[in-house]
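The chain contents come next:
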2 protein chains.
Amino acid sequence: MERLNELLERIIQRVNVNLREPLFDVGPYVRGLVPWQQLVKFYAFYGITPHHPLNFHFSRSNLSGSYFLGKCHVTDSILYKTDIRGDELKRKGDFFATEGFTIPLQEDETIRVRDCFLIKTLVHNNSHDPEHPEEFIIQNTVSTHFANIHGSVVEGCFMGPFSTVDLTTVHDCVIGEYAYVQAGELSHRQVPAGTVWVKSGERFEFVFRHHPETLQRYVRFRPGSPPEGLFMEFIDRRKADYQRIFDVVKLQTPFSMPPGASFNRYAVIKPKTQIGRNVLVAQRAYIENSWLGDGANAQENCYILHSRLNGNNVTAHGAKIIHADLGPKVFVGFNSFLQGSADHRLAIGPGCIVMPHTIIDLEAAVHIPAEHLVWGYIRTPQDVAAHSLPLARLSALSGEETLGAMRFKGDGRLFVEGFKNRIEHILEANGAYCDGAAQRGHAQQSQDISFNLIQPYPEGELKGLYPTIDIHP
Amino acid sequence: MERLNELLERIIQRVNVNLREPLFDVGPYVRGLVPWQQLVKFYAFYGITPHHPLNFHFSRSNLSGSYFLGKCHVTDSILYKTDIRGDELKRKGDFFATEGFTIPLQEDETIRVRDCFLIKTLVHNNSHDPEHPEEFIIQNTVSTHFANIHGSVVEGCFMGPFSTVDLTTVHDCVIGEYAYVQAGELSHRQVPAGTVWVKSGERFEFVFRHHPETLQRYVRFRPGSPPEGLFMEFIDRRKADYQRIFDVVKLQTPFSMPPGASFNRYAVIKPKTQIGRNVLVAQRAYIENSWLGDGANAQENCYILHSRLNGNNVTAHGAKIIHADLGPKVFVGFNSFLQGSADHRLAIGPGCIVMPHTIIDLEAAVHIPAEHLVWGYIRTPQDVAAHSLPLARLSALSGEETLGAMRFKGDGRLFVEGFKNRIEHILEANGAYCDGAAQRGHAQQSQDISFNLIQPYPEGELKGLYPTIDIHP
């Protein structure tokens, strides 16, 4: 597997060249991080549907366990169980409106990954970079376990485990573990671990940072070791459940689908799971003993256990919801970890927005009232006050406000409206409001999909590399 | 699935254009022959190994359930559960020696299938046509269930069920059901059902024809119906056993492999199967309660049940061996059907050559002595005399001889030597004589293979068609 080693070293060099300012060496983090044998063990798969332009190109890469949909070009990269979901890529003829420009698209958008090592990373949505509206570029980048790259052009970056770059262009940046960034355009920055940072030009800015000691408990990443902490333990305990669904070629859902609903065949469905109409459960989501009401969606890598979601809930990529009751239209952001227990459940009222990268890990039952913004770290009812605000109050804010470790600056109304609009967009795109004919979304379109499974050279000099593959309509 | 219908009609027209002399309309044979839903249900798969040049191109085709290895180009065709095994294609730099010419090859050989409907057909080996040494062409052709195209360029032909074209170039021919042809170059010919015809220029010619009434019992094919008869019933009874092996992505062989042996993961292994060193069991072979001695090989679509093969046996494509004991180096030709029973077994002595398309279907125990050529139709010990000859006697023949319905003309020694050489070549190529390092063949090289699974569009206008796929190293 020498060629694989050469490939990794070449990627490390490319990333380090980008990260010479800030000076950062990704090598010690990634050498030996994934046992090479794993890169031969898993197959990659891509979806064929009548609804998405089809164009795949893979060359000089390992793709083990990775998932592709839409137009994707991958060269000189290692994508280990990475999810590249290209079903929201922009189309030829679309117009991309941003900051006063309306840019007509000359061709279908393509996800281009070059010289990257992406580990269990989610890549989704489409490029929000007006400089590259037809290319969703990820280049010279290392991203580690369960990081999310969402609508973000990423060049020359290192992303720690459970970090998220959302609707942000990042060049030559280091994103610490569990940091969430939604901040326009960044270059040559180090974002400390546990930072939750939402910034929209001069309009508003929200910042919270998890206390380093808290964070250690949930996720830590040191050179020479894989990521550790409660998040990894939670995931590792459930790893074996994925085995079966990847072992078989075709899989029937164990119950009949309600109208408009779809359960990806690569999702895990554990006993006592019930879903309503227009529910969308994405690949690698994990649902156990839970009820997903009409229009709810469970995105990639999310876990919903022993919980009741009362409809039109968005559970974003990587979020975990355990022993919780969520009112209608509760939004749970990327990689949030909401854990009640059988004895003391978590209740979240209708219309709440749980910020990405929020940790609620209860020692006692907690109830969060309707229409609140929730963030930070909550363990007891007493923690709620310092880590939530009624959306109405937030909407009235302007200027600068701090609450505990959270600092808000700017126009609260724009912040709340921005969030609400985005949630509506997600629900619409996912088909939550489909009446059978109109307002079809991913839930309805994902019913018509077939998967193609690809494997690397099993032996020889090229062991672990995939052949060059081009797929067109 | 309109596009699939259009494709079929286009293929029918192309074949009929070729078959206007002899006037033959393939349409009534093939319309409705395979329920269209089947063409969406099965996945196709191709093998990636370090040992074979890799080059696949599939376009505007359905490939349901088909298997590909080596360099294969398929366009405008329907290949339903077809086996295209390109591991013996010639390589760039090889020399192809034939009839006084030694032709250097300018590029790796490719199997090219264009405008064809091939149903459960086996395509194997390499082009023996000196006019196309770098292209194994199959074009404007319909071939039906369990036909074999072996080393044969086939253009503008119709092949009936269980027919075989072996080392023969055929243009504009109709090959009847269960006919076997190995005859150099043919054009505008109809080969009647049940003909077994081996001709090598002026050197020798062997002809046998199954009685039409006998043949009816085993295989018959009428326009508007699928093939019928004992052969189809035998196969259909065992169809369900293939389901499980195609349902899972990776499959471990239920016993540990002896040195040098390989059992294709798409073969069926039923209980009480034992194999020796350097045994090769190909995809879609079916082995039950049988013992395959060192160096035996079981080729695609063969069935070996309740039998003992004592080593270096060749069981060719589509052959069936039931309740039989075969001495060392017994060769059983294409699509032969050898059926003893628990009460009266079939015994075949060492070094026998069972001609392709032989039927031995016993009413009483039969023993065929060592080093005999066997052909035709045998049910009782009394039938043996008229359907076998000692190889030594055959070698001494020259001129013309008839024995029962068999007619032989020419040089018996060349005929026997030709067969013996071919058997040795098969054993060598399959690795029967491998000592661990030297004389490696398919058995050893097939251990290092990974399979890639591809599916068609599941819905929409293109339903049933596969996307265009190009694969290179």
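Conventions used here
Residues numbered from 1 in each chain as written. Chains lettered and ligands numbered in written order. Predicted model: local features only at pLDDT ≥ 70, side-chain atom pairs only at ≥ 80, totals over all residues. Heavy atoms only, no water. Core = buried A, V, L, I, M, F, W, Y, C linked by side-chain atoms within 4.5 Å. Buried < 20%, exposed > 50% of the residue type's maximum accessible area, 1.4 Å probe, protein only. Pairing = 2+ DSSP bridges. Helix = DSSP H or I, 4+ residues; strand = E, 2+ residues; numbered from the N terminus. Least-squares fit on C-alpha atoms with pLDDT ≥ 70 in both. Contact = heavy atoms within 4.5 Å. Polar contact = N/O pair within 3.5 Å; in protein donor to acceptor, adjacent residues only side chain to side chain. pLDDT = per-residue confidence, 0-100. Salt bridge = Lys/Arg side-chain N within 4 Å of Asp/Glu carboxyl O. Buried area = accessible area lost by both parts, 1.4 Å probe. Nonpolar A, V, L, I, M, F, W, Y, C, P; charged D, E, K, R; others polar. Domains from an automatic or database assignment.

Undergrad: I keep staring at the nonpolar core and nothing clicks. Help me out?
TA: Nonpolar side chains in soluble globular proteins generally cluster together in the buried interior. Counting residues in hydrophobic clusters, the biggest one holds 82 residues, and the most contacted among them are Y46 and F68 of chain A together with Y46 and F68 of chain B. Listed in part, the 58 residues of the second largest apolar core include V219, F246, Y286 and F451 of chain B.

Undergrad: Just to check I follow, could you spell out the sheet that holds strand β10 (residues 117–119) of chain A for this structure?
TA: What holds strands together in a sheet is hydrogen bonding between their backbones, with the strands either parallel or antiparallel. Residue and element names in this part refer to chain A. Strand order in the open sheet formed by six strands is β5-β10-β13-β16-β19-β22, with parallel pairing between adjacent strands. Strands at the two margins of the open sheet, each flanked by one partner only, are β5 (78–80) and β22 (190–191). Examined bridge by bridge, strand β13 (residues 142–143) and strand β16 (residues 158–159) share two bridges and lie parallel to one another. Note on β16: the bridge partner recorded for S143 is M159.

Undergrad: Explanation requested: the relation of the copies chain B and chain A in the structure shown.
TA: One chain copy maps onto the other through a rotation about an axis and a shift parallel to that axis. Superposing chain B onto chain A takes a rotation of 180° combined with a translation of 0.0 Å along the rotation axis, leaving an RMSD of 0.0 Å. Here the copies are linked by what is in effect a two-fold axis. Looking at the rotation axis and the C-alpha trace of chain B, the residue lying nearest is V248 of chain B, at 2.0 Å. The residues that chain B uses at the interface reappear at the interface of chain A in 100% of cases, marking a shared surface.

Undergrad: Can you help me understand the environment of H150 of chain B in this one?
TA: All names here are of chain B. Mapped onto the fold, H150 is located in strand β14 (residues 148–150). A relative accessible area of 6% places H150 in the buried class. Separated by 17 residues in the primary sequence, H150 and L167 have C-alpha atoms spaced 6.0 Å apart. In this structure H150 touches H124, N125, V165, D166, L167, H317, F334 and R422, once residues within four positions along its chain are discounted.

Undergrad: What is the right way to look at the sheet that holds strand β38 (residues 337–339) of chain B in this model?
TA: Residues and elements named next belong to chain B. Strand order in the open sheet made by the seven strands is β26-β29-β32-β35-β38-β41-β44, with parallel pairing throughout. Unpaired on one side and paired on the other, β26 (268–269) and β44 (377–378) mark the two borders of the sheet. With two bridges joining them, strand β41 (residues 359–361) and β44 adopt parallel strand pairing. Each residue of the ladder has a partner; that of I360, found in β44, is I378.

Undergrad: Would you explain the side chain of D87 of chain A in this entry?
TA: Residues and elements named next belong to chain A. For D87, the location among the structural elements is in the loop between β6 (83–85) and β7 (95–98). Within the structure, the side chain of D87 is placed 3.0 Å from the side chain of R85, a separation counted as a polar contact. Only 3.3 Å separates the side chain of D87 from the side chain of H442, close enough to count as a polar contact.

Undergrad: Can you help me understand the confidence of the model for chain A in this one?
TA: Should the pLDDT be low somewhere, the predicted coordinates at that spot are not to be read in detail. In this model, chain A carries a mean pLDDT of 95, and residues with pLDDT of at least 70 account for 100%. Reported for the predicted complex are a pTM of 0.92 and an ipTM of 0.88.

Undergrad: Mind showing me how you'd approach the pattern of salt bridges here?
TA: Close approach of charged atoms lets side chains of opposite charge pair. Counting across every chain of the model gives 52 salt bridges over all chains. Where E363 of chain B meets R379 of chain B, a salt bridge forms, and the shortest distance between an N and an O atom there is 3.6 Å. On the criterion of sequence distance, the pair formed by E363 of chain B in the loop between β41 and β42 (366–368) and R379 of chain B in the loop between β44 and α7 (381–384) is long-range, its members being 16 residues apart. Beyond isolated ion pairs, a larger network of salt bridges with shared partners links R10, R14, R60, D76 and D115 of chain A.

Undergrad: Help me understand the interface of chain B and chain A in this model?
TA: It is common to report an interface's size as the accessible area lost on association of the parts. At the junction of the two partners, chain B supplies 34 residues and chain A supplies 34 residues. Around 2,700 Å² of area is buried between chain B and chain A when both sides are counted, 57% of it from carbon and sulfur atoms. On the chain B side of the interface with chain A, the three residues burying the most area are V249, K250 and Q455 of chain B, jointly 20% of the side's total. In this assembly, chain B and chain A are joined by zero salt bridges. Linking chain B to chain A there are 14 residue pairs in polar contact (both at pLDDT 80 or more). At the level of secondary structure, the elements contributing two or more residues to the side of chain B that touches chain A comprise α3 (38–41), β1 (44–48), α6 (240–247), β48 (450–454) and β49 (468–472) of chain B. Here the side of chain B that touches chain A is composed, by residue class, of 21 nonpolar, seven polar and six charged. Relative to β49 of chain B, strand β49 (residues 468–472) of chain A runs antiparallel, the two sharing five bridges.

Undergrad: How do you make sense of the domain arrangement of chain A when you look at a structure like this?
TA: Residues and elements named next belong to chain A. Split into domains, chain A comes out as domain 1 (2–236 + 450–471) and domain 2 (239–445). Between domain 1 and domain 2, the C-alpha centre-to-centre distance is 23 Å. Contact residues are listed per partner, giving 46 residues for domain 1 and 49 residues for domain 2. Taken over both partners, the interface formed by domain 1 and domain 2 buries close to 4,200 Å², and the fraction arising from carbon and sulfur atoms is 58%. The interface formed by domain 1 and domain 2 includes five salt bridges. Close ionic contact of R284 with D83 constitutes a salt bridge, the shortest N to O distance being 2.8 Å. Where domain 1 packs against domain 2, one counts 25 residue pairs in polar contact (both at pLDDT 80 or more). Tallying contributions element by element places strand β24 (residues 204–209) first for the side of domain 1 that touches domain 2, with six residues. The residue inventory of the side of domain 1 that touches domain 2, partitioned by class, reads 22 nonpolar, 12 polar and 12 charged.

Undergrad: What's the story with the environment of I12 of chain A in this structure? I'm lost.
TA: All names here are of chain A. Within the element layout of this structure, I12 appears in helix α1 (residues 2–18). The spacing of I12 and T141 is 129 residues in sequence and 8.4 Å in space, taken between C-alpha atoms. Among residues more than four places away in sequence, those in contact with I12 are D25, V26, G27, V30 and R31.

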